[in-house]
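Below are the chains, spelled out letter by letter.
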Amino acid sequence: MLVSQGFKKLYCTPAKPIIGLAVSCQRKVSYLPKAGPGGRSSFSGVVATVFGATGFLGRYVLNRLGRGGNQIIVPYRGDELDNRSLRLMGDLGQIMFFDYHLKDVESVAKVMKHSNCVINLIGREFETRNFSFDDAHCAGARVIAKAAREAGIKRLIHVSALNASEESPSKFLQSKARGEIAVREEFPEATILRPATLFGHEDHFLNYYAYLGRIPLGIPLIDGGMKTTKIPVFVADVAQAIVNAITEDESIGQTFELTGPEEYYLLDVLDYMYRVMRKELPYYTLPRRIYNIIAWGAEQSIFNPRLTRDMLLREFLSDQVTGLPGLVDLGVEASTLDTIAISVLRRHRDSFFFDDTIDSDSPCRPTSSYIAQ
């Protein structure tokens, strides 16, 4: 049940006294959750429609919305069994699921009809015959923003990507930049967030390189990984920033760059990862032209491709910040890679070293340490 008003009370009074006794029964039946941010079983007053909630970042966003007593509407497409794990993120009836299609404007408007907040997390790592990058990141973002404005939605949180630019060599980042423009045109008060490379459980960063090390010859790197810098950010920090932005009035109409506290060379990240995993780092330098040919071959897969030419381009594209507000401006203290990596990478260890601590390991070396020498 969607709640947009205060408490409702039911009272019952017996029709006549029982055996001569004047009995007045006023039994209050409260069937709504407690008001206020009292936890998962309360109601904070926020009804949020979260597009893209079934993705990597979406699971963390739903978890934090649920624990704060927010009611959540999750639009989805595909089989409903794909999102059943998300039902555990909130109390009974707190999260509702509705099927929709991003190209069906009516279905998009329907799922935000009773909401006062909309969060757009939709993103595609690769193009398909049904959805190009522009379909998902630009045209889809415009449809959501326009529907939100027409529905009178108070807060729109749009998640883009760091390095989003129309001049970028990556089609993914070009479409993300056009998506930001479309959102601003339709909903000028929207809050736009640009997260850097995300890491965490089930990520496509730490886990990707952990699995890639198992292939013959090891991990192929362009320029040895020493011309690419990353500012990885913990996915839970980004999720918390999204939740904080809902109630932060100063974030209205602003754009934020969400990055971690340290910048690293890609090779240094891999070196630290494999030290944590208690393994030797297998890597070699591969010319970009040859790597592009391999990526093109991977694109021809009839299944979801593990590598495309655009993904390869983004993999070796350095994270750049432009001085916009960041996590701290949304009340979040960024977690370092050193404190989180062990919880993600421990499962990649051999059984002999599974319980080893990392107290004796030196931390991941930031790029600033090279300048200091």
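Position numbers for residues start from 1 in each chain and track the written sequence from start to end. In keeping with the predicted nature of the model, local features appear solely for residues at pLDDT of at least 70, side-chain atom pairs appear and are counted solely at 80 or more, and the whole-chain, interface and lining totals rest on all residues. By convention in this description, side-chain values take in all heavy atoms of the structure and omit both hydrogens and water.

### With respect to the packing of aromatic side chains
Phase 1 of the analysis: Pairing of aromatic rings covers Phe, Tyr and the six-membered ring of Trp, with a centre-to-centre limit of 6.5 Å; geometry is then stacked below 30 degrees between planes, edge-to-face above 60, and tilted otherwise. Applying the stated criterion across every chain, the model contains eight aromatic pairs.
Phase 2 of the analysis: Ring plane angle 85° and centroid distance 5.9 Å describe the contact between Phe205 and Tyr209, whose orientation is recorded as edge-to-face. For the residue pair Phe205 and Tyr209, the accessibility class agrees, reading buried in each case.
Phase 3 of the analysis: When the ring of Tyr265 is compared with that of Tyr370, the centres are 5.2 Å apart and the planes differ by 90°; the resulting orientation is edge-to-face. Linking Tyr265 in strand β14 (residues 264-265) with Tyr370 in helix α11 (residues 368-372), this pair joins segments that are 105 residues apart in sequence.
Phase 4 of the analysis: Here the term buried applies to any residue with accessible area under 20% of the maximum for its type, exposed to any over 50%, and partly exposed to those in between, with areas from a 1.4 Å probe on protein chains only. Given a relative accessible area of 27%, Tyr370 falls into the partly exposed group.
Phase 5 of the analysis: Among the aromatic residues, those joined into a ring-pair cluster are Phe205, Tyr208 and Tyr209.
Phase 6 of the analysis: A cation sits over an aromatic face here: Lys103 above Phe131, 4.9 Å from the ring centre.
Phase 7 of the analysis: Lysine NZ or arginine CZ positioned within 6 Å of the ring centre and within 35 degrees of the ring normal marks a charge as sitting over the ring. If you follow Arg124 out to its NZ or CZ, it ends over the ring of Phe126, 4.8 Å from the centre. Numbering of helices and strands starts at the N terminus; helices are DSSP runs of H or I of at least 4 residues and strands are runs of E of at least 2.

### Some words on a negative patch on the surface
Phase 1 of the analysis: Within the patch definition used here, like charges are joined within 9 Å and nonpolar side chains (Val, Leu, Ile, Met, Phe, Trp, Tyr) within 5 Å, considering only residues with over 30% relative accessible area and no salt bridge. Note that accessible areas follow from Shrake-Rupley with a 1.4 Å probe, and for residues the cover is restricted to the protein chains shown. One side-chain nitrogen of Lys or Arg within 4 Å of one carboxyl oxygen of Asp or Glu is enough to make a salt bridge. When charges are tallied, Lys and Arg are placed among the positive residues and Asp and Glu among the negative ones, while His and the ends of the chain are skipped. Here the site of a charge means atom NZ of a Lys, CZ of an Arg, CG of an Asp or CD of a Glu. A surface patch of like charges, here negative, comprises Asp79, Glu80, Asp82 and Asp99.
Phase 2 of the analysis: Within the secondary structure, Asp82 sits in the loop between β4 (71-76) and β5 (95-99).

### Some words on helix α1 (residues 56-67)
Phase 1 of the analysis: With ten of twelve residues buried, α1 is to be regarded as a mostly interior element.
Phase 2 of the analysis: Taken as a whole, α1 has its buried residues at Phe56, Leu57, Gly58, Tyr60, Val61, Leu62, Asn63, Arg64, Leu65 and Gly66.

### Considerations on the environment of Leu88
Phase 1 of the analysis: Within the element layout of this structure, Leu88 appears in the loop between β4 and β5.
Phase 2 of the analysis: Residue class for Leu88 comes out exposed when judged on its relative accessible area of 72%.
Phase 3 of the analysis: Residues Leu88 and Gly66, spaced 22 residues apart in sequence, show a C-alpha to C-alpha distance of 9.1 Å.

### A word on the pattern of salt bridges
Phase 1 of the analysis: Taken as a whole and judged by the stated rule, the model has 14 salt bridges.
Phase 2 of the analysis: Salt-bridge contacts for Arg59 lead to Glu202; the nearest nitrogen and oxygen are separated by 2.7 Å. Here Glu202 lies in the loop between β9 (198-199) and α5 (206-212) and Arg59 lies in helix α1, a separation of 143 residues in the sequence.
Phase 3 of the analysis: Measuring nitrogen to oxygen at the nearest pair gives 3.1 Å for the salt bridge that ties Arg142 to Glu186. Remark: Glu186 occurs in helix α4 (residues 171-186) and Arg142 occurs in helix α3 (residues 133-150); sequence separation between them is 44 residues.

### What to know about the packing of helix α7 (residues 266-276) against helix α10 (residues 337-345)
Phase 1 of the analysis: Note on method: axes are straight lines fitted to C-alpha atoms, helices fitted across the in-contact stretch only, with angles between N-to-C directions ranging 0 to 180 degrees. Packing of α7 against α10 brings their axes to within 10 Å, and their N-to-C directions diverge by 50°. Put simply, α7 runs oblique to α10. Crossing of α7 against α10: the hand is right-handed. Packed against α7, whose contacting residues are Val269, Tyr272, Met273 and Val276, the element α10 presents Leu337, Asp338, Ala341, Ile342 and Leu345 at the interface.
Phase 2 of the analysis: Residue composition of the contact of α7 with α10, grouped by class: eight nonpolar, no polar and one charged. Here roughly perpendicular refers to angles of 65 to 115 degrees, roughly parallel to angles under 35, roughly antiparallel to angles over 145, and oblique to all remaining angles. What makes a crossing left-handed is the near helix being turned counterclockwise from the far one by less than a right angle; a clockwise turn instead makes it right-handed. Contacts: residue pairs with any heavy atoms within 4.5 Å of one another. Three classes are used: nonpolar for Ala, Val, Leu, Ile, Met, Phe, Trp, Tyr, Cys and Pro, charged for Asp, Glu, Lys and Arg, and polar for all others, with Gly counted as polar.

### Looking at α4
Phase 1 of the analysis: Expected span of a helix: the number of residues minus one, times 1.5 Å. If you check α4, its first and last C-alpha atoms are 23 Å apart, about what 16 residues at 1.5 Å a residue would give, namely 22 Å.
Phase 2 of the analysis: Regarding α4, the residues found buried are Phe172, Leu173, Gln174, Ser175, Lys176, Ala177, Gly179, Glu180, Ala182, Val183 and Glu186.
Phase 3 of the analysis: On its buried face, α4 sits against α3, β7 (155-159), β8 (191-195) and α9 (309-315).
Phase 4 of the analysis: Between N or O atoms, a polar contact is any pair within 3.5 Å; within protein, one atom must be a potential hydrogen donor and the other a potential acceptor, and residues adjacent in sequence are included only when both atoms are from side chains. One side-chain oxygen at the N-terminal end of α4 lies 3.2 Å from the backbone nitrogen of Phe172; it belongs to Ser170.

### Thoughts on the nonpolar core
Phase 1 of the analysis: Formed by 76 residues in total, the largest nonpolar core has its most connected members in Leu57, Ile119, Leu206 and Ile242.
Phase 2 of the analysis: Discounting chain neighbours no more than four positions away, the residues touching Ile242 are Leu57, Val61, Ile119, Leu121, Ile157, Val159 and Leu193.
Phase 3 of the analysis: Here the nonpolar core consists of buried residues drawn from Ala, Val, Leu, Ile, Met, Phe, Trp, Tyr and Cys, with membership extended through side-chain atoms lying within 4.5 Å. Leu102, Ala136, Ala145 and Ala148 belong to the second-largest nonpolar core, a separate cluster that totals 24 residues.

### Observations concerning the packing of α1 against helix α6 (residues 235-247)
Phase 1 of the analysis: Remark: α1 packs on α6, axes separated minimally by 9 Å, with the N-to-C direction vectors making an angle of 50°. The pairing of α1 with α6 is recorded here as oblique in orientation. Where α1 crosses over α6, the two elements pack in a sense that is right-handed. On α6, the residues that touch Phe56, Leu57, Tyr60, Val61, Arg64 and Leu65 of α1 are Val235, Ala236, Val238, Ala239, Gln240, Ile242, Val243 and Ile246.

Function cannot be inferred from these measures alone, as they are strictly geometric.
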